[in-house]
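Letter by letter, the chains look like this.
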Protein chains: 2
Amino acid sequence: MSQRIKIKALLESTQTDIDVTVKGWVRTFRNNQFIALNDGSTNNNIQVVVDFENTDPALLKRITTGAAISVFGLLVASLGKGQTVEVKAKTIEILGDSDPEKYPLQPKKHSLEFLREIAHLRFRTNTFGAIFRVRNSLAFAIHQFFQEKGFVYLHTPIITASDAEGAGETFHVTNFDLDNVPKADGGEVDFKQDFFGRATNLTVSGQLEGELGAMALSDIYTFGPTFRAENSNTTRHLAEFWMIEPEMAFADIVDNMDTAEALLKYVIAYALDKNKDDIEFLTQRLLDEEKQKPQNERSEMSLTEKLQFCLANDFERLTYTEAIEILKESTPNKKKKFQYPVEGWGTDLQSEHERYLVEKLFKKPVILTDYPKEIKSFYMRQNEDGKTVAAMDILFPGIGEIVGGSQREERLDKLEERMDDLGIPKDELWWYLDTRRFGACPHAGFGLGFERLVLFVTGMGNIRDVIPFPRFPKNAEF
Amino acid sequence: MSQRIKIKALLESTQTDIDVTVKGWVRTFRNNQFIALNDGSTNNNIQVVVDFENTDPALLKRITTGAAISVFGLLVASLGKGQTVEVKAKTIEILGDSDPEKYPLQPKKHSLEFLREIAHLRFRTNTFGAIFRVRNSLAFAIHQFFQEKGFVYLHTPIITASDAEGAGETFHVTNFDLDNVPKADGGEVDFKQDFFGRATNLTVSGQLEGELGAMALSDIYTFGPTFRAENSNTTRHLAEFWMIEPEMAFADIVDNMDTAEALLKYVIAYALDKNKDDIEFLTQRLLDEEKQKPQNERSEMSLTEKLQFCLANDFERLTYTEAIEILKESTPNKKKKFQYPVEGWGTDLQSEHERYLVEKLFKKPVILTDYPKEIKSFYMRQNEDGKTVAAMDILFPGIGEIVGGSQREERLDKLEERMDDLGIPKDELWWYLDTRRFGACPHAGFGLGFERLVLFVTGMGNIRDVIPFPRFPKNAEF
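Residues numbered from 1 in each chain as written. Chains lettered and ligands numbered in written order. Predicted model: local features only at pLDDT ≥ 70, side-chain atom pairs only at ≥ 80, totals over all residues. Heavy atoms only, no water.

For chain A, an unreviewed UniProt entry supplies the name Asparagine--tRNA ligase and the organism Mucilaginibacter corticis. Per UniProt, chain A carries the Subcellular location (unreviewed entry) text "Cytoplasm". What the UniProt record of chain A gives under Subunit (unreviewed entry) is the line "Homodimer." (UniProt positions renumbered as here; feature names shortened; annotations may be inferred.)

Here is the structure:
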């Protein structure tokens, strides 16, 4: 027996007529003769040719969809279409059976909804194999991008005592017996008795802690899970998701935009290069899916074209104020086609407005900057106009906001004023304010929603399909 | 003004007599003339020479430890010791003051305990700058190692409904108002009303979900936070820590040991290469620390020597049974020097026994295998002897267990038998058992405690000093 070779390597082999050992899971078995075998190293299967006339029929019966097998045989040039090599089996060993009557994954097309119910097995489909290999490449490319630039990967805490940012509803973390929560003399929950001696929750963002690192190490980034206890049952929201949050000392909002745009292009280019077969498969999948739709609802570009277009073009940069002017004068606004008419300056943009700018008008990623301070967070740097902050959001076609960031308010008096305005407790954030007391400097950062990035690059429509085991209201299975 | 250059690049510059802009934080300012400036890109400072006779005294007064400054000047060859280049300042701008009366970090040695209280500022010290740059390199090297081998990085869930592994006490996750937890008719907590519609907790391990991925993608790894609600106030335990958990299909316990040993050597070599200055600094720090100790308690090898020794030598591999024999016959056991005498086969090894094997006997990392099944988890593969399981633990000098792993029990009947024995609910783990029902195959994996690795490579003594914001009983500050 030779050492096992992964199928990706076998299919790329330039050598033939050598003995090989290949292991994987049977996708299909045609005519008692042709096994399509996959081991997850690539979207492509290797064809194993079985000499069925000289194989024990009892063994043949066990070669079923889903079974794990080990094949020893000769790697030969293939005469069949669609493959350059195949394995002529000499011996086949069944490692693990898969009863075809019971195996939930049949060799046919299953709905994404059904596959979500069996998320423990969906990795074994072409679609999810491709998605999770692409997700892997994007994650690594993010690390590589920042490492090349000298950023320090910082693990900010998951359990925190501060929800001062007010970024959304948080999950409580406790080791109280929920049946019997200890009360203090006044009748209120006695958090002093809890594990951390105070009320704690799951983080909604590592940014504030990230800034502490940047104020010493210059450039840092986080890449970790974040949480929202929001009752959102949409195709864009998860209760648990991964976020990347770089923070750069001595950087302004323009550096911030440049870094974010460079990052997005870098990781998309990386996936296009490393996951060519996966992205081709996903492109075809999307074309097939869109054939079900009326002509006018189909995408103008295929997935691959959309990704390449994104690399080849500068993102459109404009201010919130300019965007409002454009939207006010736009045809859908004048024809009252927007659900939320754009009347004036100051309100937040709705998804329909963002889509108009990104998908109809500019037809490419858009960076909006300098939003009204009222609709943005307390830590964003106030502009000279007294009305706006140096915020930036990147909007992607089909996705909406993929990046949100800003230059940070480094001036202690301005920051405290804004915290007072918004009722944010300064004593809880003493450590955050310390960075403005000692050696403050201009700095900027952003948050990139990792699953939204994976959605964009895979062309999938539901965020629950791009994370292995999605968490959402009433669901924590697996 | 030229574009800012980071200090690491400046110090490596082969060009001199060019104008540069450098930004960072003042470490010290001597004789109104020499600024030691650091920007976190390296442990080393650049010396900025101030023409104090032609500089506004008001500005000079603001050049204090901790202040953020921007310097424009000429990069010249240095005449001073310990540096090859320095910057002759033409203009200095104060970006952020640091009142020397109030700044908690004085230009002197602070205790690690004190610095833990001001973890938001400790990044600005030489020791913690070095630690977190080394930590960064180790994290990236882990990714690079697995990517080179075709492993898929898998994000397993942080919030889970199963604590079936029984790996330790878990934190509850809930969005109940703890003041008023809803009760069902029978008086018990009505988890149906909770966010996920059931009781949920923070993960103690991503292994079980990782196996689901490996049963389709062949080789996966996780790298994420894990949690233990254990009331351990030790230098080796955290309530929140990061873990790496690879899982490999078609792999046995020997493949598992080989992969773990290769991984550890790869990442240590990577850090030695990328963080030469940091590790030299930490080596010196440890030497200085050990000078306080009596001669016989000092390490035989310096930190750098210990790391290099680890690379140059095969880890010692032996079975639990062999280890027990050795320990029984050992001098400390015979002389009753062990707190827990080693009398027979079957009990778990104590830290003192592990230390004897690793630090006194073999003087290098040790891999112990084939433990009694009673002291190991239900999912470990049962050996033919009926008594042991194919477990493996890697023990490191000064650290103890750094890796724990095993070949997994892929045989459904054996697995179910063991779950029954231990009272582990099979219905809760239906999805885990499915992987043994459909296309099971031999597979193996391990968990590497990331902070213990960082401890080893930095030579630090307390795990709270190698994670940015440690979480432990009664502490969730920052």
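Thoughts on the overall build of chain A
Within chain A one finds 14 helices and 16 strands. Taken along its principal axes, the extent of the C-alpha atoms in chain A is 85 × 60 × 45 Å. The long-range fraction of contacts in chain A, counting pairs at least 24 apart against all pairs at least 6 apart in sequence, stands at 68%. Summed over all atoms, the accessible surface of chain A reaches about 19400 Å², with 47% contributed by carbon and sulfur. Computed over 58 positive and 74 negative side-chain charges, the inter-centroid distance for chain A is 6 Å. (Helix = DSSP H or I, 4+ residues; strand = E, 2+ residues; numbered from the N terminus. Contact = heavy atoms within 4.5 Å. Areas by Shrake-Rupley, 256 points an atom, 1.4 Å probe, with all protein chains shown as cover. Lys, Arg positive; Asp, Glu negative; His and termini not counted. Charge placed at Lys NZ, Arg CZ, Asp CG, Glu CD.)

Description of the relation of the copies chain A and chain B
For the pair chain A and chain B, the relating rotation is 180 degrees, the translation along its axis is 0.0 Å, and the fit reaches an RMSD of 0.0 Å. Expressed as an axis order, the relation between the two copies is that of a two-fold axis. By C-alpha distance to the rotation axis, the residue of chain A lying nearest is A:V173, at 2.5 Å. The share of interface residues of chain A whose copies in chain B are also at the interface is 99%, consistent with both copies meeting through the same surface. (Least-squares fit on C-alpha atoms with pLDDT ≥ 70 in both.)

Some words on helix 7 (residues 276–290) of chain A
Structurally, the α-helix is built with 3.6 residues per turn, so residues lying three or four positions apart point the same way. Residues and elements named next belong to chain A. If you check helix 7, its first and last C-alpha atoms are 21 Å apart, about what 15 residues at 1.5 Å a residue would give, namely 21 Å. Of all the positions in helix 7, only D278, I279, L282, T283, R285, L286 and E290 are classed as buried. All buried residues of helix 7 project into a common sector of 160 degrees when viewed along the axis, lining one side. Where helix 7 is buried, its residues touch helix 3 (112–117), helix 4 (126–148), helix 6 (253–274), helix 8 (303–312) and helix 14 (450–458). (Expected span 1.5 Å × (residues − 1). Buried < 20%, exposed > 50% of the residue type's maximum accessible area, 1.4 Å probe, protein only. Arc of directions from axis to C-beta.)

Re helix 8 of chain A
Residues and elements named next belong to chain A. Those residues of helix 8 lying buried are L303, T304, L307 and C310. Buried residues along helix 8 cover an arc of 125 degrees about the axis, so they all sit on one side. Tucked inside the fold, the buried residues of helix 8 contact helix 6, helix 7, strand 14 (388–396) and helix 14.

Here's the deal with unusual backbone geometry
All names here are of chain B. One non-glycine residue with positive phi stands out, namely N31, at about 55 degrees. Its place among the elements puts N31 in the loop between strand 1 (18–30) and strand 2 (34–38). Exposure remark for N31: the relative accessible area of 57% places this residue in the exposed category. Of note, the phi angle at S218 is positive, near 75 degrees, even though the residue is not glycine. Among the structural elements, S218 can be located in the loop between helix 5 (207–217) and strand 10 (219–227).

Quick look at the packing of helix 4 (residues 126–148) of chain B against helix 7 (residues 276–290) of chain B
All names here are of chain B. Their axes nearest at 9 Å, the elements helix 4 and helix 7 cross at an angle of 130 degrees. In terms of orientation, helix 4 lies oblique with respect to helix 7. Viewed along their axes, helix 4 and helix 7 form a crossing whose handedness is left-handed. Counting all contacts with helix 4, which are made through N126, T127, A130, I131, R133 and V134, the residues of helix 7 involved are D278, I279, F281, L282 and R285. Grouping the amino acids of the contact of helix 4 with helix 7 by side-chain chemistry returns 6 nonpolar, 2 polar and 3 charged. (Axes fitted to C-alpha atoms, helices over the stretch in contact; angles between N-to-C directions. Parallel < 35°, antiparallel > 145°, perpendicular 65-115°, else oblique. Left-handed = near helix turned anticlockwise from the far one by under 90°. Nonpolar A, V, L, I, M, F, W, Y, C, P; charged D, E, K, R; others polar.)

Structural notes on the pattern of salt bridges
This structure, assessed with the given rule, holds 62 salt bridges over all chains. With its nearest N and O atoms 2.9 Å apart, the salt bridge here joins A:R317 to A:D258. In this pair, A:R317 is assigned in strand 12 (residues 316–319) and A:D258 in helix 6, connecting sequence segments 59 residues apart. By relative accessible area, which is 32% here, A:R317 ends up partly exposed. Given the relative accessible area of 38%, A:D258 is considered partly exposed. B:R285 is the salt-bridge partner of B:E289, the closest N and O atoms lying 3.0 Å from each other. Here B:E289 and its partner B:R285 are both found in helix 7, 4 residues apart, which amounts to about one turn of the helix. (Salt bridge = Lys/Arg side-chain N within 4 Å of Asp/Glu carboxyl O.)

Here we look at the packing of aromatic side chains
According to the stated counting rule, one finds 57 aromatic pairs over all chains in the structure shown. On the basis of an interplanar angle of 45 degrees and a centroid distance of 5.1 Å, the ring pair of A:F250 and B:W25 is categorised as tilted. Pair noted here: A:F250 is in the loop between strand 11 (240–249) and helix 6 and B:W25 is in strand 1, and the two residues belong to different chains. On the basis of relative accessibility, which here comes to 11%, the residue A:F250 falls in the buried class. Directly above the ring of B:W345 sits B:K387, whose terminal nitrogen or CZ lies 4.6 Å from the centroid. For B:R464, the ring lying beneath its charged end belongs to B:F472, and the centroid distance is 3.5 Å. (Phe/Tyr/Trp six-rings, centres within 6.5 Å; stacked < 30°, edge-to-face > 60°. Lys NZ or Arg CZ within 6 Å of the ring centre and 35° of its normal.)

Quick look at the side chain of B:D39
Locating B:D39 in the fold gives a position in the loop between strand 2 and strand 3 (46–49). Polar contacts involving the side chain of B:D39 include one to the main-chain amide nitrogen of B:I7, which spans 2.9 Å. Within polar-contact distance, the side chain of B:D39 engages the side chain of B:S41 at 2.6 Å. With residues near it in sequence (within four places) discarded, B:D39 still touches A:A216, A:L217, A:S218, B:R4, B:K6, B:I7, B:K23, B:G24 and B:W25. (Polar contact = N/O pair within 3.5 Å; in protein donor to acceptor, adjacent residues only side chain to side chain.)

Here's the deal with the sheet that holds strand 4 (residues 68–77) of chain A
Residues and elements named next belong to chain A. Spatial strand order, 1-2-3-5-4: 5 strands in a closed barrel with mixed pairing. Taking the axes of each pair of neighbouring strands and ignoring which way they run, one obtains an average angle of 55 degrees across the sheet. Sheet topology places strand 1 (residues 18–30) next to strand 2 (residues 34–38); 5 bridges connect them, and they run antiparallel. Note on strand 2: the bridge partner recorded for F29 is I35. (Pairing = 2+ DSSP bridges.)

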